[in-house]
Amino acid sequence: MEHALKDKVVLVVDDEEDLREILAEEFMDLGSKVIQASSGTEAYAKTEATNVDVIVSDVRMPGGDGVELLKKIQARNPQEPVVILVTGFSDFDTQNLVTMGAYAVLSKPFDPSEVIAVAVKAIMSKG
Amino acid sequence: MKATMKWHYLYFALAGLDIFAVVASLALSHRMSSEYANVVHVNRDWSFKKKEVDHLAKLAQAVNAPGNDVFDSKNVPKERENSMLALQEYEAALDQVKKSLIFSNNSQMTTEFASLIGNVDNRMKEMIDETNLIFKFFEKKREDLAGSRMATMDRKYGLLLDSIGSIRNKVKEVQESAFIEQQTRGEKLKELEYFVAGFILLMVLGVTLYGRKMSRFVADSLEKERIHAAEIEAHRATLIDSAKMSSLGMMAGGIAHELNNPLSIILGRANQAARKLSEGRMEAKDAVEVFSKIEAVCKRMSKIIHGLRTFSRNADQDPMAQTSLKQIVEETLELCQERIRNQGIEMRVGTIPDYLLTCRATQLSQVLLNLVNNAHDAIQGFSVKWIALDFQLDHEFFSLRVTDCGHGIPVSVAEKLMVPFFTTKEVGKGTGLGLSISKGIMETHGGTLSLDQHSPNTCFVMKIPASLVARDENVKKVA
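Asker: Looking at this structure, I do not really get the confidence of the model for chain B. What am I missing?
Answerer: Low pLDDT marks stretches whose predicted atomic positions should not be read closely. The predicted model of chain B averages 85 in pLDDT, with 88% of residues at 70 or higher. Ranking the elements of chain B by mean pLDDT puts helix α10 (residues 473-478) of chain B last, at 58, and strand β5 (residues 397-404) of chain B first, at 94.

Asker: For this particular structure, what's the right way to read the nonpolar core?
Answerer: Across soluble globular proteins, nonpolar side chains have a tendency to be buried as a group. All names here are of chain B. Within the largest apolar cluster, 75 residues are counted, with the highest numbers of intra-cluster contacts made by Leu357 and Leu400. Among the elements that make up this core, the one with the highest residue count is helix α7 (residues 361-378) (eight residues). Those residues within four positions of leucine 357 in sequence are excluded, and the remaining contacts are Ala321, Gln322, Thr323, Leu325, Ile328, Leu364, Phe398, Ile464, Leu468 and Val469. Ranked by size, the runner-up nonpolar core spans 37 residues in total, among them Leu56, Tyr90, Ala93 and Phe138.

Asker: Can you help me understand the interface of chain B and chain A in this one?
Answerer: It is common to report an interface's size as the accessible area lost on association of the parts. Taken together, the contact between chain B and chain A spans 24 residues of the former and 20 residues of the latter. A per-residue breakdown of the area chain B buries against chain A is headed by His257, Gln272 and Asn342 of chain B, which together make up 24% of the total. Where chain B touches chain A, the interface holds nine salt bridges. Listing elements by their share of the side of chain B that touches chain A, those giving two or more residues are α4 (143-278), α5 (284-312) and α6 (325-342) of chain B.

Asker: Explain the pattern of salt bridges to me, please; I cannot follow it from the model alone.
Answerer: A pair can form between side chains of opposite charge whenever their charged atoms are brought close. Residue and element names in this part refer to chain A. Under the counting rule described, the total for this entry stands at 36 salt bridges over all chains. Between aspartate 14 and lysine 108 there is a salt bridge whose closest N-O contact spans 3.3 Å. Pair noted here: aspartate 14 is in the loop between β1 (9-13) and α1 (17-29) and lysine 108 is in the loop between β5 (104-107) and α5 (112-126), with a separation of 94 residues, a long-range link. For the pair shown, aspartate 14 and lysine 108 are each scored as buried.

Asker: What exactly am I supposed to notice about the packing of α6 of chain B against α7 of chain B here?
Answerer: When two helices pack together, their arrangement is given by the angle between the helix axes and by the axis-to-axis distance. Residues and elements named next belong to chain B. Two elements in contact, α6 and α7, have axes separated by 9 Å at closest approach and are oriented at 30°. Classed by the angle they form, the pair α6 and α7 counts as roughly parallel. α6 and α7 meet at a crossing whose hand is right-handed. Contact with α6, carried on its side by Ile328, Val329, Thr332, Leu333, Leu335, Cys336, Arg339 and Ile340, involves Ala361, Ser365, Leu368, Leu369, Val372, Asn373, His376 and Asp377 of α7 and no other residues of that element. When the residues that make up the contact of α6 with α7 are grouped by side-chain class, the tally is 10 nonpolar, four polar and two charged.

Asker: Teacher, can you tell me more about the sheet that holds strand β3 (residues 54-58) of chain A here?
Answerer: Backbone hydrogen bonds hold the strands of a sheet together, and the pairing may be parallel or antiparallel. All names here are of chain A. Strand order in this open sheet of five strands is β2-β1-β3-β4-β5, and the pairing throughout is parallel. Among the strands making up the open sheet, the edge pair consists of β2 (33-37) and β5. Across the sheet, the mean angle from the axis of one strand to that of its neighbour is 20°, orientation sign disregarded. Strand direction decides the pairing type here: β1 and β2, joined by five bridges, are parallel. Paired with valine 13 across the bridge in β2 is alanine 37.

Asker: Before we go on, may I ask you to explain the packing of aromatic side chains in this structure?
Answerer: The relative placement of two aromatic rings is captured by the distance of their centres and the angle of their planes. Residue and element names in this part refer to chain B. As enumerated under the stated definition, the model contains seven aromatic pairs over all chains in all. Each ring, one from phenylalanine 71 and one from phenylalanine 138, has its centre 5.1 Å from the other, and the planes form 75°; the classification is edge-to-face. Taken as a pair, phenylalanine 71 in helix α1 (residues 2-73) and phenylalanine 138 in helix α3 (residues 108-139) lie far apart in primary sequence, 67 residues in all. For phenylalanine 71, a relative accessible area of 17% translates into the label buried. Site record: aromatic cluster; members linked through ring pairs are Tyr11, Phe12 and Tyr210. The ring of tryptophan 46 has lysine 49 sitting right over it, with the charged end atom 4.1 Å from the ring centre.

Asker: Help me understand the packing of α7 of chain B against helix α9 (residues 434-444) of chain B in this model?
Answerer: Residues and elements named next belong to chain B. With their axes 10 Å apart at the nearest point, α7 and α9 run at an angle of 145° to one another. Relative to α9, α7 is oriented so that their crossing is left-handed. In this structure, α7 contributes Gln363, Leu364, Gln366, Val367, Asn370, Leu371 and Asn374 to the contact, and α9 contributes Gly434, Leu435, Ile437, Ser438, Ile441, Met442 and Thr444. Of the residues that constitute the contact of α7 with α9, the class distribution is seven nonpolar, seven polar and no charged.

Asker: Mind showing me how you'd approach helix α3 (residues 66-76) of chain A here?
Answerer: Residue and element names in this part refer to chain A. Within the sequence span of α3, burial applies to Gly66, Val67, Leu69, Leu70, Ile73 and Gln74. Take α3 and look down its axis: the buried residues cluster within an arc of 155°, on one side only. You can read the cap of α3 off the contacts: a side-chain oxygen lies 3.2 Å from the backbone nitrogen of valine 67, and it is on aspartate 65.

Asker: So what exactly am I meant to see when it comes to the side chain of serine 83 of chain B here?
Answerer: Inspection of the secondary structure assignment puts serine 83 of chain B in helix α2 (residues 76-101). Each residue touching serine 83 of chain B, except ones within four places of it in the same chain, is listed here: Val63, Pro66 and Phe135 of chain B.

Asker: How should the sheet that holds strand β7 (residues 458-465) of chain B be read in this particular structure?
Answerer: Residue and element names in this part refer to chain B. One open sheet holds the five strands; their spatial order is β2-β4-β5-β7-β6, and the pairing between them is mixed. Because the sheet does not close on itself, it has two edges, and the strands there are β2 (345-349) and β6 (448-451). The sheet shows a mean angle of 15° between the axes of neighbouring strands, taken without regard to direction. Bridge count for β2 against strand β4 (residues 385-393) is five bridges, and the pairing is parallel. If you follow valine 349 over to β4, its bridge partner there is leucine 389.

Asker: Explain the environment of valine 56 of chain A here, please?
Answerer: Residues and elements named next belong to chain A. Inspection of the secondary structure assignment puts valine 56 in strand β3. Among the residues examined, valine 56 registers a relative accessible area of 1% and is labelled buried. Dropping the residues within four chain positions of it, valine 56 is found in contact with Val10, Leu11, Val12, Val13, Leu23, Phe27, Ile84, Val86 and Val115.

Rules behind the numbers
- Residues numbered from 1 in each chain as written.
- Chains lettered and ligands numbered in written order.
- Predicted model: local features only at pLDDT ≥ 70, side-chain atom pairs only at ≥ 80, totals over all residues.
- Heavy atoms only, no water.
- pLDDT = per-residue confidence, 0-100.
- Helix = DSSP H or I, 4+ residues; strand = E, 2+ residues; numbered from the N terminus.
- Core = buried A, V, L, I, M, F, W, Y, C linked by side-chain atoms within 4.5 Å.
- Buried < 20%, exposed > 50% of the residue type's maximum accessible area, 1.4 Å probe, protein only.
- Contact = heavy atoms within 4.5 Å.
- Buried area = accessible area lost by both parts, 1.4 Å probe.
- Salt bridge = Lys/Arg side-chain N within 4 Å of Asp/Glu carboxyl O.
- Axes fitted to C-alpha atoms, helices over the stretch in contact; angles between N-to-C directions.
- Parallel < 35°, antiparallel > 145°, perpendicular 65-115°, else oblique.
- Left-handed = near helix turned anticlockwise from the far one by under 90°.
- Nonpolar A, V, L, I, M, F, W, Y, C, P; charged D, E, K, R; others polar.
- Pairing = 2+ DSSP bridges.
- Phe/Tyr/Trp six-rings, centres within 6.5 Å; stacked < 30°, edge-to-face > 60°.
- Lys NZ or Arg CZ within 6 Å of the ring centre and 35° of its normal.
- Arc of directions from axis to C-beta.
- Polar contact = N/O pair within 3.5 Å; in protein donor to acceptor, adjacent residues only side chain to side chain.

In structure tokens form, the structure reads like this:
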């Protein structure tokens, strides 16, 4: 049986290169196509150029944070792509971010398999 | 306040008592000396009067003498003339005695003296009458009759002397009674003297007690002042601590993020490596690479934690110790790196010189962090944001300059910058203590913290004496 994430386009956004690398590797292992961005602004530009299925983004980043990215994506199309936020420490509380349209909010430090499981759930819920 | 008022009244009461005691003793001494002068004067006066009366008695004898002498000389005209002359002299002396003794018409004493003098007058007339009778008998050549009157004349003379003696006795009596009266007054003054002495004793006692109370009061005040100073010192230490905690609080989010990121990396790398190794998809050299990455991340975390630990402890009592400038700057920047980077602020730090500073490293770190945090807050609105650190050593001072892209600080604000509780930040964002405490810290290092008004950008300068700076020889050797 094919994995739910196979051939899906996943955008990994974090200013920490190591973290992007770890997540990219996980998704690529499952057959996803992975794009990377180091800031919210860069990530949004990439969603304009490519059809993205899932965004996994850090919240605090220089040059446009994850919350800004979420707001812009929601303003353009509330349906897709789904946005999963991963926060190390945020002034926003989780419930707020979900209300704003985030599919889920995960906390750092995270287990990569946990991120995969949420991404799978998100893709399945879209049908 | 109430106690002060009581003391205030007691002070005036004592001053009043002192003035009274001094005035009373002066008045008493004046009374005593004038009393003494009076005694001397009265005594001399009455002694003189007594002499006048004695003199009168002698003159009376001179008046009586011609009445006897005529029996020998038989020369009546000559003896009559002698008698007349002696009488004139006697009259003059009597007038003087009258003037001396009859000086007030009202006094009882004067009346008595007047009556005694009247007696003397009568006795003298009676004696003169007898003398004149003797002279007449001699003129009529009746010596026998003259001889028979001689005894009568001498009797009259005896009576005259008796009456003069009465005056003398009266004078003596008056003199004695004056003396007794003065003695009584002296006794009264003596009582007054005891009274004044009592007051002086009371004054000395009061002053002694007051002085004792005052010295206790002063000692109490000094003790209170000492306690107050200790409280202020303790309060200052608490303020430094709270300002430090406030800057830590501002950075807490950044620090949490800064620690959670490497933790995620460790967790992710470890997970992946474990999985790949168990599936036989990882070679040893790849595993070693993963582990060295994990190690590097661990070192990064340990640096942050070390910085936090150093920063948060109380360094007030720390001895001055040689610390590498590089270590101070790097550890401090590590603490605020996340905040700086997050705001898109470029941190311009050139090569940090290999200096060893003799200092309380934690405190210098606190000042530097405070300046960088202030710069961070001040340049929020700029599109291109930067903060620069520069290092400079001349023969007098080592300077660490913290410059940001802002355009300086208005003079009106600059004047108040170092004043405690002055802040331009929004309510809740700044305590207004950071700069004043930082200034205090630099001053305890013998240095200064100032705003460089000549810089085109906002620039704060931390200075410590050049004598506290040494080259790090170890680094040189390694290089």
